Amino acid sequence: MNAIQKYFKYRQSLIDQYIKGDMTKKEYLQKNYEAVVYGNIGPFTNMDTVEKALFNYQYYNALAKEQKTISTTKDMEYELKQDSLERSNYYYHKKDKATLTVLRMLDYRGTQAYFVKVQSKYLKGKLFEIVIEEEDIILHSTSSLILKCLREEGVFTEGSRKSLIDDYVNHRY
């Protein structure tokens, strides 16, 4: 088992703990963040396998969420808050690059995508879920470029649905 496979096995154990209620979403996000940042695995400059692209997705998603969380610190100076938000957006952009890499590598085979029903007013009509069943992959994005590609490939269904991981998606942290 290589380092990436070990990470995904560990991540699955974190997900299982979260689902069982043994861990809060905040604890899950923190442990996942630590695993990707301190795991000495990536990120990968050359995403030449789906596995590497999926790791980059997780890596940049964890960094983006961490920066978003930092930006909500009370009494934080405006400039520092803006800096954290800019970093968060930068990492989300890098995550979206990994998402596109996965979709293109798989040639959109077995992919279905749709907007998800969310409680967040900000994400309503923006957040969509990408499901690649054969690969057991669930990804999320708000990228207009990815949305355009999914529509062009004919794998995006209009309207919104409940997320396959609704309890996670709609649980605040």
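Placed above this text is the structure.
Just so it is clear, the model here is predicted, and its values are computed rather than measured.

**Focus: the side chain of Ser 141**
1) Next: Position of Ser 141 among the secondary structure elements: in strand β3 (residues 137-141).
2) Next: Among the polar contacts made by the side chain of Ser 141, one reaches the side chain of Asp 96 at a distance of 2.8 Å.
3) Next: Contact partners of Ser 141, with chain neighbours within four places excluded, come to Lys 95, Asp 96, Lys 126, Leu 127, Phe 128 and Ile 146.

**Some details on the packing of aromatic side chains**
1) Next: Taken as a whole and judged by the stated rule, the model has 11 aromatic pairs.
2) Next: Summarising the aromatic geometry, the rings of Phe 115 and Phe 128 are spaced 6.3 Å apart at their centres and angled 85° between planes, so their arrangement reads as edge-to-face. Taken together, the residues span a long stretch of sequence, with Phe 115 in strand β1 (residues 111-116) and Phe 128 in strand β2 (residues 128-132) at a distance of 13 residues.
3) Next: Following the ring pairs from residue to residue traces out a cluster consisting of Tyr 7, Phe 8, Phe 44, Phe 55, Tyr 59, Tyr 60, Tyr 90 and Tyr 91.
4) Next: Here the guanidinium or amino end of Lys 126 rests over the ring plane of Tyr 122, the centre of that ring lying 4.1 Å away.

**Quick notes on the packing of helix α1 (residues 3-20) against helix α3 (residues 50-70)**
1) Next: Remark: α1 packs on α3, axes separated minimally by 10 Å, with the N-to-C direction vectors making an angle of 50°. Comparing their axes, α3 and α1 come out oblique. As for how α1 packs across α3, the hand of that crossing is left-handed. For the pair α1 and α3, the contacting residues are Ile 4, Gln 5, Tyr 7, Phe 8 and Arg 11 in the first and Glu 51, Lys 52, Leu 54, Phe 55 and Gln 58 in the second.
2) Next: In the contact of α1 with α3, the residues fall into 5 nonpolar, 2 polar and 3 charged.

Rules used in this analysis
Residues numbered from 1 in each chain as written. Predicted model: local features only at pLDDT ≥ 70, side-chain atom pairs only at ≥ 80, totals over all residues. Heavy atoms only, no water. Helix = DSSP H or I, 4+ residues; strand = E, 2+ residues; numbered from the N terminus. Polar contact = N/O pair within 3.5 Å; in protein donor to acceptor, adjacent residues only side chain to side chain. Contact = heavy atoms within 4.5 Å. Phe/Tyr/Trp six-rings, centres within 6.5 Å; stacked < 30°, edge-to-face > 60°. Lys NZ or Arg CZ within 6 Å of the ring centre and 35° of its normal. Axes fitted to C-alpha atoms, helices over the stretch in contact; angles between N-to-C directions. Parallel < 35°, antiparallel > 145°, perpendicular 65-115°, else oblique. Left-handed = near helix turned anticlockwise from the far one by under 90°. Nonpolar A, V, L, I, M, F, W, Y, C, P; charged D, E, K, R; others polar.

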